[in-house]
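For reference, the chains in residue letters:
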Amino acid sequence: MNDVVVLVEHRQGAIRDITYEMLTKGKTLCEKTGNRLTAVLLGKDVGAMAQDLKDLASQVVLIEDPQLENFNSEAYQRVLENLVQQEKPYLVLMGHTAFGMDLAPSLATQIKAPLATDCIDVTVEGDHIEAIRQTYGGKLNVQVHLKPAQCSMITLRPASVSVADYSLGGEITTVSSPLTEEIASKRFLEYVEAAVGEVDITQADILISIGRGIKDPENIPVVQELADSLGAVLSCSRPVVDKKWLPKDRQVGTSGKTVKPKVYIAIGISGAFQHVAGMKGSGTIIAINRDPRAPIFSFAHYGIVGDLFKIVPALKGKIQEAFA
Amino acid sequence: MEIIVCIKRVPETAEADIVIDKTGRDIEKGGLVFDINEWDNYAVEEAIILKEKYGGSVTVISMGPEGANETLRRALAMGADQAIRLTDPAFEGADGYAIARTLSQAIKPLCYDLILTGVQTEDDGYGQVGGTLAEMLGIGHAAVVSRIESIEDGRARVHRELEGGLEEVLDLELPAVLTIQSGINEPRYVSIMGIRKAAQREIRVLGFQDLAMKPEEAGEDGSLTIVERVSFPLVGEGAQILEGTVDEISDRVIAILKEKGGVA
């Protein structure tokens, strides 16, 4: 088929946003190359999802099997390997998500497809596939090309494409599942929800958020006092939770909470995409960071380049005066 | 239980000024401070926790020049038993695929029940080596592991971190590769004395000839993605930078909080 294939990502009955982002990117590529855009949907009782998606691709290939009910990279890999051998797509797009990170590397290796991971853009010129990916925590863009191959693979970073409104008026093609035996080597057991904490950071009007730059838990009280004097809530980026300095329910980002306060003050947060994805909808973003190249300054409305250990205490003093 | 941990020594760039080098394909590594990749530190700790619980031994493997010895010694000081360093001019310019190929050739002759890697590295951030390595070795894997609940009867019960605070629980046949997420444990402190003591321990060094590899499998020749050039991301609209004395900046922030945050 020499198609561009997008692997549909869904969980607990809902299609995930990355699917629409990949379809938009796939459509742009196909407009240029003349390839067909195919969405591949694996699952159990997901016919309604196929209906929802069919306008966004030339075709939706639907493969249903009880073993595909929940994501299992082993089951997905067997089905996709089979599909790729038969249909010979030109390019396969997956999300650079918990789902794609578990599946793409081993599948690409098995089907001998060059794989570029965590891409923020992909372009095709003739047989030449190029991608932009970020390294050093988002501080550098790297332009790579994939060695020519029959099939190539890309994992696309979430929120790197703005979803377009279009219709390709596609059809649904049902393909029978190639899974004949039970997959015993890897079994999905259950989902576990994060424990509900004492504080709901999603309800705050003002969030004061700290990151790696806070350096030591001893430096947290001064930020807490700053937050208290404003009636704001303290939140953080991942490294602070990893180090157990604040509980998980304070974490803003892909693996934590998505927040939209009126004002978000990011202190000592570099702005890795996993964090930005959780706070970029905030009304006003103020970032304090010593590195003028920190990615956070691309997303903030106001930036303060400097030493947070000088700025935060001064700001706290001034605020206590102003709002006393 | 025999555990192998793949680790990498990386430059710390979170707060450093980075400069693009003359080739235009990488950054100047000169003045940068190097340390163990953060995710790998959690992986080493997890391996040692498992060894303490189930017995066995931990072998750490790193691909890199002589400086990587420091990272391997750090892991030995944490409690790893053996260290192997893979080094050869032929390995240079390797992408995630070629790194996995090199590691797989070194690991094939070894005895293992479990292989741990970090989810990704702080520098290249492929997030690819673990799954690729597993496929090359013909064993299973799980990526983004946030908890290893138990290991019993040749199977592991693990949690994978998904988006939005959700986790999935899996049951996995061993041997397998697990890519370890940051925050899974609290890596133990390593004293300077501990690292000095580890300086006496042997580090096995293996090169291209020792790994039975073909030239077209190693380094840039063995890579499937080729770096053309690097650049600094466009800042786009960017932030309006507040300048002045700390007091002046504070006054501006207060004005913004009053206007946008409804603080009175």
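All values reported here derive from a predicted model rather than from experimental measurement. Every chain's residues receive numbers from 1 upward, in the order its sequence appears when written. Written order decides the labels, with chains lettered from A and ligands numbered from 1. Reporting in this predicted model follows two pLDDT cut-offs: at least 70 for local features of residues, and 80 or more for side-chain atom pairs to be given and counted; totals over whole chains, interfaces and linings ignore these cut-offs and use all residues.

## With respect to the overall build of chain B
In step 1: Counting its secondary structure elements, chain B contains 6 helices and 13 strands.
In step 2: Based on the C-alpha atoms only, the size of chain B along its principal axes is roughly 65 × 45 × 40 Å.
In step 3: In this description, any two residues whose backbone-derived C-beta atoms lie within 7 Å of each other are considered to be in contact. Of the contacts made within chain B by residues no fewer than 6 positions apart, 69% connect residues no fewer than 24 positions apart. In this description a helix means any DSSP run of H or I spanning at least four residues, a strand means any run of E spanning at least two, and both kinds are numbered starting from the N terminus.

## So, the overall build of chain A
In step 1: On a plain count of helices and strands, chain A comes out with 9 helices and 17 strands.
In step 2: Taken over the C-alpha atoms alone, chain A extends approximately 70 × 40 × 35 Å along its principal axes.
In step 3: Note on burial: count the other C-beta atoms lying within 10 Å of the residue's C-beta; 20 or more is buried, 12 or fewer is exposed, in between is partly exposed, and C-beta positions come from the backbone. Relative to its full complement of 324 residues, chain A shows a buried share of 54%.
In step 4: A fraction of 64% describes how many contacts in chain A between residues 6 or more apart in sequence connect residues 24 or more apart.

## Section: the interface of chain B and chain A
In step 1: Counting residues at the interface gives 70 residues for chain B and 74 residues for chain A.
In step 2: Element by element, the count of residues in the side of chain B that touches chain A is highest for helix α6 (residues 246-261) of chain B, at 11 residues.
In step 3: Looking at the side of chain B that touches chain A residue by residue, the class counts come to 31 nonpolar, 21 polar and 18 charged. Charged residues are taken to be Asp, Glu, Lys and Arg, nonpolar residues to be Ala, Val, Leu, Ile, Met, Phe, Trp, Tyr, Cys and Pro, and polar residues to be all remaining types, Gly included.

## Some details on the nonpolar core
In step 1: Connectivity within a nonpolar core runs through C-beta atoms within 7 Å, and the core itself is a set of buried Ala, Val, Leu, Ile, Met, Phe, Trp, Tyr and Cys residues. A39(A), L41(A), L93(A), V5(B), V44(B) and V60(B) are the most contacted members of the largest nonpolar core, which has 129 residues in total.
In step 2: Setting aside chain neighbours within four positions, we find V44(B) in contact with V5(B), I7(B), V60(B), A75(B), M78(B) and A80(B).

## Focus on the sheet that holds strand β8 (residues 128-135) of chain A
Strand pairing within a sheet occurs via backbone hydrogen bonds; the two strands may be parallel or antiparallel.
In step 1: Reading across the sheet, the 10 strands line up as β11(A)-β5(A)-β4(A)-β1(A)-β6(A)-β10(A)-β7(A)-β8(A)-β9(A)-β12(B) and stay open at both edges, with mixed pairing between neighbours. Two strands close off the open sheet at either side, each with one partner strand: β11 (171-174) of chain A together with β12 (225-231) of chain B. Within the sheet, the average angular offset between the axes of one strand and its neighbour, ignoring direction, is 30 degrees.
In step 2: A pair of strands is considered paired only if DSSP assigns at least 2 bridges between the two. Bridge count between strand β6 (residues 91-95) of chain A and strand β10 (residues 152-156) of chain A: 5 bridges; the pairing is parallel. Only the stretch in contact is used when a helix axis is fitted, and all axes are lines through C-alpha atoms; the angle between N-to-C directions ranges over 0 to 180 degrees.

## Concerning the domain arrangement of chain A
Residue and element names in this part refer to chain A.
In step 1: Either an automatic procedure or a domain database provided the assignment from which the domain bounds are taken. Splitting chain A by domain gives domain 1 (4-174) and domain 2 (201-322).
In step 2: Distance from the C-alpha centre of domain 1 to the C-alpha centre of domain 2: 34 Å.
In step 3: Across the boundary between the two partners, domain 1 contributes 6 residues, which contact 7 residues of domain 2.
In step 4: Among the residues forming the side of domain 1 that touches domain 2, the class breakdown is 2 nonpolar, 2 polar and 2 charged.

## Some words on the environment of L32(B)
Residues and elements named next belong to chain B.
In step 1: Mapping L32 onto the fold places it in the loop between β2 (9-11) and β3 (34-36).
In step 2: Along the chain, L32 and Y189 lie 157 residues apart, while their C-alpha atoms are 22 Å from each other.
In step 3: Setting aside anything within four residues of it in sequence, one finds L32 in contact with P11, E12, T13 and A16.

## Some thoughts on the sheet that holds strand β6 (residues 114-118) of chain B
In step 1: With mixed pairing, 10 strands are arranged side by side in an open sheet as β12(A)-β9(B)-β8(B)-β7(B)-β10(B)-β6(B)-β1(B)-β4(B)-β5(B)-β11(B). Among the strands making up the open sheet, the edge pair consists of β12 (186-192) of chain A together with β11 (203-206) of chain B. Pairwise comparison of adjacent strand axes, ignoring direction, gives a mean angle of 30 degrees for this sheet.
In step 2: Here strand β7 (residues 140-152) of chain B pairs with strand β8 (residues 155-161) of chain B via 6 bridges, running antiparallel. Its bridge partner being in β8(B), R147(B) is matched across the sheet by H159(B).

## What about the packing of helix α3 (residues 73-87) of chain A against helix α4 (residues 98-110) of chain A?
All names here are of chain A.
In step 1: Remark: α3 packs on α4, axes separated minimally by 10 Å, with the N-to-C direction vectors making an angle of 40 degrees. On the basis of the axis angle, α3 is oblique to α4. With respect to the hand of their crossing, α3 and α4 are arranged in right-handed fashion. Along the contact surface, α3 presents S73, Y76, Q77, L80 and E81, while α4 presents D102, L103, S106, L107 and Q110.
In step 2: In terms of residue class, the contact of α3 with α4 is built from 4 nonpolar, 4 polar and 2 charged. Convention used here: angles under 35 degrees read as roughly parallel, angles over 145 as roughly antiparallel, angles from 65 to 115 as roughly perpendicular, and any remaining angle as oblique. Take the far helix as your reference; a near helix turned counterclockwise from it by less than a right angle gives a left-handed crossing, and one turned clockwise gives a right-handed crossing.

## Quick word on helix α4 (residues 129-137) of chain B
All names here are of chain B.
In step 1: Counting buried residues along α4, 8 of its 9 residues qualify, which places the element largely inside the surrounding structure.
In step 2: For α4, the complete set of buried residues consists of V129, G130, G131, T132, L133, A134, E135 and M136.
In step 3: Just past α4, the residue G138 takes up positive phi, approximately 70 degrees.

## Digging into unusual backbone geometry
It is generally the case that most residues other than glycine have a negative phi and that most peptide bonds are trans.
In step 1: Backbone torsion omega between L174(B) and P175(B) reads 0 degrees, so that peptide bond is classified as cis.
In step 2: Residue placement: P175(B) occurs in the loop between β9 (167-173) and β10 (176-180).
In step 3: Of note, K215(A) is a non-glycine position whose phi angle comes to about 65 degrees, a positive value.
In step 4: Residue position: K215(A) is located in the loop between β13 (206-210) and α5 (220-230).

## A look at the pairing of strand β5 (residues 59-64) of chain A
Residue and element names in this part refer to chain A.
In step 1: Bridge count for strand β4 (residues 37-43) against β5 is 6 bridges, and the pairing is parallel. Counted as the bridge partner of L41 is L62 from β5.
In step 2: With helix α2 (residues 47-53) bridging β4 and the parallel β5, this β-α-β connection has right-handed handedness.
In step 3: Across 4 bridges, β5 lies against β11 in parallel orientation. Looking at the pairing, V60 lines up with I172 of β11. We call a crossover right-handed when, viewed with both strands directed away from the observer, the connection leading from the first strand over the helix to the second proceeds clockwise.

## A short note on the pairing of β7(B)
Residues and elements named next belong to chain B.
In step 1: One ladder, built from 4 bridges, connects β7 with β10; its direction is parallel. Directly across from A142, in β10, lies its bridge partner L178.
In step 2: The hairpin formed by β7 and β8 contains 2 residues between the paired strands, and D153 there has a positive phi angle of roughly 50 degrees.

## Comments concerning the environment of A90(B)
In step 1: Within the secondary structure layout, A90(B) lies in the loop between β5 (82-86) and α3 (96-107).
In step 2: Remark: the alpha-carbon pair of A90(B) and P215(B), spanning 125 residues in sequence, is separated by 7.5 Å.

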